[in-house]
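Now for the letters of each chain:
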Amino acid sequence: MSSWRDNRIQAAIDGTNPMVMATLPGGFAVYGDTQFLPGYAILLPKRNVAALNDLTLAESTAFLQSMRVLGDAVLQATSCERINYDILGNTDQFLHAHVFPRYATEPAERRVKPVWLYSPDHWFADQYEYDAERDGALRERITELLISN
């Protein structure tokens, strides 16, 4: 049986992606599956494309502006030190933008490096998987900020 995780963008379009927080002009703001950096979110485009360059100029402008709006909401909701933005496409062959809150409380050796250098257990360990009880209030706050903008 197919899961929303098999095609996150189509699931967002269809309204079946449970991680969607809000629809923005340039895409869908979704809460991250993993939360070792609380507030981690992703922006998915409104249509399934492989890369930013596959969007029209108007679509890519809206996507990047929406990425900024999502970052502003995460920054405000978490009071983190800064936001890191990342569009790669090396592993998942569909456009998506990562919005990572970075915290002063992170270990010093981690704070100055890309999030991707955290050990793999941070990405896949059950303890960091999204948990509505633990992460729901922050997710709701980010959603409220997105909807009010």
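Further up the page is the structure itself.
In this text the structure is predicted, and so the values were computed from the model without any measurement.

For the rest of this paragraph, the subject is the packing of aromatic side chains. Evaluated as defined, the whole model comprises nine aromatic pairs. Ring plane angle 70° and centroid distance 5.9 Å describe the contact between F36 and Y128, whose orientation is recorded as edge-to-face. On the criterion of sequence distance, the pair formed by F36 in the loop between strand 2 (27–31) and strand 3 (41–44) and Y128 in the loop between helix 4 (120–124) and helix 5 (132–148) is long-range, its members being 92 residues apart. Y128 shares its class with F36; the two are buried. Here Y40 and F100 contribute two aromatic rings whose centre-to-centre distance is 4.6 Å and whose plane-to-plane angle is 5°, an arrangement assigned as stacked. Of the two residues, Y40 sits in the loop between strand 2 and strand 3 while F100 sits in strand 5 (residues 97–102), which places them 60 residues apart along the sequence. Residue Y40 shares its accessibility class with F100, and that shared class is buried. Aromatic ring contacts, followed pair by pair, group F36, Y40, F100, W116, Y118, W123 and Y128 into a single cluster. The ring of Y118 has R110 lying over it, and the distance from NZ or CZ to the ring centre is 5.0 Å.

Taken in spatial order, the five strands of this open sheet run 1-2-3-5-4, and their pairing is antiparallel. Edge strands, defined here as strands with exactly one partner in the open sheet, are strand 1 (20–24) and strand 4 (82–86). Going from strand to strand, the sheet's axes swing by 20° on average, the running direction of each strand aside. Of the strand pairs in this sheet, strand 2 and strand 3 are connected by four bridges, and their pairing is antiparallel. In the sheet register, A29 faces strand 3, and the bridge partner there is L43. Taken strand by strand, helix 5 contacts strand 1 and strand 2, and its axis lies near 10° from that of strand 1.

The rules behind these values
- Residues numbered from 1 in each chain as written.
- Predicted model: local features only at pLDDT ≥ 70, side-chain atom pairs only at ≥ 80, totals over all residues.
- Heavy atoms only, no water.
- Phe/Tyr/Trp six-rings, centres within 6.5 Å; stacked < 30°, edge-to-face > 60°.
- Helix = DSSP H or I, 4+ residues; strand = E, 2+ residues; numbered from the N terminus.
- Buried < 20%, exposed > 50% of the residue type's maximum accessible area, 1.4 Å probe, protein only.
- Lys NZ or Arg CZ within 6 Å of the ring centre and 35° of its normal.
- Pairing = 2+ DSSP bridges.
- Axes fitted to C-alpha atoms, helices over the stretch in contact; angles between N-to-C directions.
- Contact = heavy atoms within 4.5 Å.

Without other data, these values stay purely geometric and don't point to any function.
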